[in-house]
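Here's the letter readout for the chains.
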Amino acid sequence: MFSVLKPLPTDPILGLMAAYKQDTNPNKIDLGVGVYKDELGNTPVLKAVKKAEAFRLENETSKSYIGLAGNLDYCQKMESLLLGEHKTLLANRVRTAQAPGGTGALRVAAEFIMRCNPKATVWVTTPTWANHISLFEAAGLTVKEYPYYDYENKDLLFDEMINTLKQVPKGDVVLLHACCHNPSGMDLNEAQWKVVAELAKEVGFTPLVDIAYQGFGSSLEEDARGLRILADAVEELIICSSCSKNFGLYRERIGACSLIAKDSATADISNSVLLSVVRSIYSMPPAHGADIVNTILSSTELTQMWHQELDEMRSRINGLRTQIKETLATKDIAQDFSFIERQHGMFSFLGINKEQITRLQKEYGIYIVGSSRVNVAGVSDANIEYFANAVADVCKS
Ligand code: LMR
């Protein structure tokens, strides 16, 4: 049976991780996969996480199953983190299932959409996280794109985006990145979110918000503003969240899929379908990550500690954005990189071509995604000059 298979190329992001590991260049820099790195290039376990894990080790009393929706306290804490004290929570319109990472949440959402309307098209930004497209298609959904990033002016194609979204058929789903757009770093502002929210209501599409970087853009609250504006306006909303980045829990695979329904009774029915989807994919989520997040968010002391650590990660990234812009400006390069400072989160496109990307990797051991997406957090005081000189060199010739 297996002999009919043809080999597939490695994943464009995860393949880079493996190639970087094998590179023996002592100056190599990993700007590929979206993982936060500190000044020393490490991705340490957050102190708040360590404390919560120590608590768990002492206090966990059973390894029995945790149920289809996972840890219900965690689910409730995630709803508050995402929505604050939103009217949809007060009206009991929100249901959440813990999921194995943001990707797991997206797959659950995809299967849920299939149950609602197998003919639905999911509209994604051009460009979007490469896995979005394969993930929805793997669930059997059609994926189409709407204009988003203006490669030439390093800005949003907002008018084009709105013109396309106006044509989306009722019953389709529109995926929006809540903050820190992956891969462009270009986010909607508050006024733009309001336009999208009104449009969703008018046209009748269902927004699906992917929020994988809450706290990495401006703040936990600010980064959820667009999501909350949508929740103010529409009757139905799907939210896929992740604790990989903001809690640094990447390998624990912890996220959530939340549904906002038009009323409490519809939320219950939708939840029964959501849980049946979960049962048919992986039965139940793993416990560890949810327990850690729940322990942190249940303790004032650990929450404060986590906020501080998250603030540090965000400040470092924002500081690096300025530093990269300034350092590149000191080099003899025709391109203007000032847009890097205006964008948010871990990623920006450098805007260089394939040949230049290959040269960065082969000649300098600098790994960036083939789309020219760089993970800003991989830059440090120790490597910024090397990085800027390398960029200048490949841009010159
Ligand atoms: C990324 O975009 O680099 C991350 O979200 C990791 C991944 O799974 O692709």
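Predicted, not measured: the structure shown is a model, and the values here were computed from it.

Focus on the sheet that holds strand β4 (residues 142-147)
Spatial strand order, β2-β10-β9-β8-β7-β3-β4: 7 strands in an open sheet with mixed pairing. Where the open sheet ends on each side, the last strands, each with one partner, are β2 (94-99) and β4. If you compare each strand with its neighbour and ignore which way they point, the axes differ by 25° on average. In this sheet, strand β8 (residues 206-211) lies alongside strand β7 (residues 173-177) in parallel orientation, the contact comprising 5 bridges. What sits directly across from Val173, in β8, is Thr206.

Observations concerning the site of the ligand
Taken together, the residues surrounding the ligand are Ile13, Val33, Gly34, Trp129, Asn182, Tyr213, Lys245 and Arg373. Here Gly34 contributes a backbone N or O atom positioned 2.7 Å from an oxygen atom of the ligand. Here an oxygen atom of the ligand sits 3.0 Å away from a polar atom, N or O, in the side chain of Asn182. Considered on its own, the ligand offers 260 Å² of accessible surface; in the complex 80% of this is hidden by protein. Tallied by class, the residues present in the shell around the ligand amount to 4 nonpolar, 2 polar and 2 charged.

A word on the environment of Phe136
Along the polypeptide, Phe136 turns up in helix α6 (residues 130-138). The class for Phe136 is buried, based on a relative accessible area of 0%. Distance in space between the C-alpha atoms of Phe136 and Lys119 is 12 Å, their sequence separation being 17 residues. The residues contacting Phe136, other than those within four sequence positions of it, are Leu106, Ala110, Val122, Leu141, Val143, Leu175 and Leu208.

A word on the UniProt feature "domain: Aminotransferase class I/classII large" (unreviewed entry) in the chain
In this numbering, the UniProt entry assigns the feature "domain: Aminotransferase class I/classII large" (unreviewed entry) to residues 27-390. In this annotation, residues 27-390 is assigned 47% helix and 15% strand; the end-to-end C-alpha distance for the span is 11 Å.

A word on the pattern of salt bridges
Evaluated as defined, the whole model comprises 17 salt bridges. In this structure, the salt-bridge partner of Arg95 is Asp268, at a minimum N-O distance of 2.9 Å. With a gap of 173 residues between them, Arg95 in strand β2 and Asp268 in helix α11 (residues 264-281) connect regions that are remote in the sequence. The exposure class assigned to Arg95 is buried, which follows from its relative accessible area of 10%. As a salt-bridge pair, Arg359 and Asp393 come within 3.2 Å of each other at their nearest N and O atoms. Here Arg359, found in helix α15 (residues 354-364), pairs with Asp393, found in helix α16 (residues 384-396); they are 34 residues apart in sequence, far enough to count as distant. Several salt bridges share partner residues, and in doing so they unite Arg56, Glu60, Lys63 and Asp291 into one network.

Reading guide: rules and limits
Residues numbered from 1 in each chain as written. Predicted model: local features only at pLDDT ≥ 70, side-chain atom pairs only at ≥ 80, totals over all residues. Heavy atoms only, no water. Pairing = 2+ DSSP bridges. Helix = DSSP H or I, 4+ residues; strand = E, 2+ residues; numbered from the N terminus. Axes fitted to C-alpha atoms, helices over the stretch in contact; angles between N-to-C directions. Near = heavy atom within 4 Å. Polar contact = N/O pair within 3.5 Å; in protein donor to acceptor, adjacent residues only side chain to side chain. Areas by Shrake-Rupley, 256 points an atom, 1.4 Å probe, with all protein chains shown as cover. Nonpolar A, V, L, I, M, F, W, Y, C, P; charged D, E, K, R; others polar. Buried < 20%, exposed > 50% of the residue type's maximum accessible area, 1.4 Å probe, protein only. Contact = heavy atoms within 4.5 Å. UniProt positions renumbered as here; feature names shortened; annotations may be inferred. Salt bridge = Lys/Arg side-chain N within 4 Å of Asp/Glu carboxyl O.

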